[in-house]
Amino acid sequence: MDTPPPHAEGGGVYTVDTGFQRPAFDAAYLVVDAGEAAFIDSGTSLSVPRLLAALDHVGLARSQVRWIIPTHVHLDHAGGVGELLSHLPQAQVVVHPKGLRHLVEPQMLRSGATAIYGEAEMQRSYGHVRPVPSSRIQPSHDGELLPVGQRHLTLIDTPGHARHHHCIWDPVTEGWFTGDTFGISYRELDVQGKAWILPSSTPVQFDPVALAASWKKLLAKQPQCVYLTHYGRLDDVVRLAALQSEMLAEVVRLGDACQSLDAPEAALQQGLAQIYLRSLRAHGHTDSDERLLGVLAVDIQLNSQGMAVWLKSRRGGLS
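Worth saying up front: this structure is predicted, and the values here are computed from it rather than measured. (Residues numbered from 1 in each chain as written. Predicted model: local features only at pLDDT ≥ 70, side-chain atom pairs only at ≥ 80, totals over all residues. Heavy atoms only, no water.)

### With respect to the side chain of His-96
- Among the secondary structure elements, His-96 is positioned in the loop between strand E6 (92-95) and helix H4 (100-104).
- Since its relative accessible area comes to 5%, His-96 is described here as buried.
- Here the side chain of His-96 touches Lys-98 through a polar contact of 3.0 Å, landing on its backbone nitrogen.
- Engagement of the side chain of His-96 in a polar contact is seen with the backbone oxygen of Arg-163, the distance being 3.5 Å.
- Among all residues touching His-96, those that are not within four sequence positions of it are Ser-140, Asp-157, Arg-163, His-164, His-165 and His-166. (Helix = DSSP H or I, 4+ residues; strand = E, 2+ residues; numbered from the N terminus. Buried < 20%, exposed > 50% of the residue type's maximum accessible area, 1.4 Å probe, protein only. Polar contact = N/O pair within 3.5 Å; in protein donor to acceptor, adjacent residues only side chain to side chain. Contact = heavy atoms within 4.5 Å.)

### Thoughts on the sheet that holds strand E2 (residues 13-17)
- Read across the sheet, seven strands follow the order E1-E2-E3-E4-E5-E6-E7 without closing on themselves; strand pairing throughout is mixed. Unpaired on one side and paired on the other, strand E1 (7-10) and strand E7 (137-139) mark the two borders of the sheet. Ignoring strand direction, the axes of neighbouring strands in this sheet form an average angle of 25°.
- Note: strand E5 (residues 65-69) against E6, two bridges, orientation parallel. Across the sheet, the residue bridging to Ile-68 is Val-93, located in E6.
- Across the face of the sheet, helix H1 (residues 48-58) comes into contact with E2, strand E3 (27-33), strand E4 (36-40) and E5 while running at roughly 140° to E2. (Pairing = 2+ DSSP bridges. Axes fitted to C-alpha atoms, helices over the stretch in contact; angles between N-to-C directions.)

### A short note on the sheet that holds strand E13 (residues 232-234)
- If you walk across this open sheet you meet the six strands as E8-E9-E10-E11-E12-E13, and the pairing is mixed. Of all strands in the sheet, those with a lone pairing partner are strand E8 (144-148) and E13, marking the two edges. The mean inter-strand angle of the sheet, taken between neighbouring strand axes irrespective of direction, is 25°.
- Pairing of strand E11 (residues 175-179) with strand E12 (residues 225-228) involves four bridges; the strand directions are parallel.

### Thoughts on the pairing of E2
- Counting buried positions along E2 yields four of five residues, so the element is predominantly enclosed.
- Bridge count between E1 and E2: three bridges; the pairing is antiparallel. Paired with Gly-10 across the bridge in E2 is Val-13.
- Connecting E1 to the antiparallel partner E2 that follows it, the hairpin turn spans two residues, and Gly-11 within it adopts a positive phi of roughly 70°.
- Looking at chain direction, E2 and E3 are connected through five bridges and run antiparallel. Bridging across to E3, Thr-15 finds its partner in Tyr-29.

### Topic: the side chain of His-285
- On the secondary structure map, His-285 appears in the loop between helix H9 (265-283) and helix H10 (289-295).
- Separated by 2.6 Å, the side chain of His-285 and the backbone oxygen of Leu-189 make a polar contact.
- Discounting chain neighbours no more than four positions away, the residues touching His-285 are Glu-188, Leu-189, Asp-190, Val-191, Leu-280 and Leu-292.

### What about the pattern of salt bridges?
- Scanning the entire structure with this criterion turns up 15 salt bridges.
- Between Asp-33 and Arg-151 there is a salt bridge, with the nearest N and O atoms lying 2.9 Å from each other. In this pair, Asp-33 is assigned in strand E3 and Arg-151 in strand E9 (residues 151-157), connecting sequence segments 118 residues apart.
- Between Asp-235 and Arg-233 there is a salt bridge; the shortest N-O distance is 2.7 Å.
- Given the relative accessible area of 47%, Asp-235 is considered partly exposed. (Salt bridge = Lys/Arg side-chain N within 4 Å of Asp/Glu carboxyl O.)

This is the structure:
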């Protein structure tokens, strides 16, 4: 199958479909300015040919990429960083300090993902995870400015989805590259061009209080857009934030109701499915429950698993 070209978003930003799982599911972003470039997120190692093809499409040499900036180290965002770096002779990786060791020595990261997905799925969807040389990686710090051509990207600490998560502000388009902090939105669930969004609570560091605080930090910049890894640029930021806030409150109430259960995952899955369906109906969807829940099947499974870990931590079961 032909590799789709990157989608120009304006302002030197390009969305690259990494090909992970299905079309329009997982994005990396290419930021180009005055002959320099940065990749934000990488997808998996299997995504790297698409990212290199994006450089060819916009007429950039491999040596013109200055930075690779994973928003966090989950494998659908950063599994391909080491492989991508091997093709970019001048690039440096900038990662949240709490995620740095996992890219230099990714065995634990891959083992954790294998425990969730199984080895067969890891081979099919993720491929290998190539270590990043310690000489070519550096930790970010909150408020750090990274030059790309004539613009400076700003990195801020945004826990809630993961403690190793930062978001990246682009002053040219006045938008945030949000990884999974600002939720998940699939284009097949749009209604008349209007996006629907859900907060991500995937394993293993979901923290709703920290997540809401991170949203507040993002909104303080009055962004004109957000660039989601799952999936694409969205412009109606204030409405999307309100929708997520309402849903996060429902998610917390669901967690409270399941707190006393020894094995809450089934109840969490059922509860999340109902939360999402109610919200989708309010959004204007008339498709069958089966079709809508089919689109969200992976998210329901992973979000319930992440919530189960969160509930266990609230009971003092995790350090």
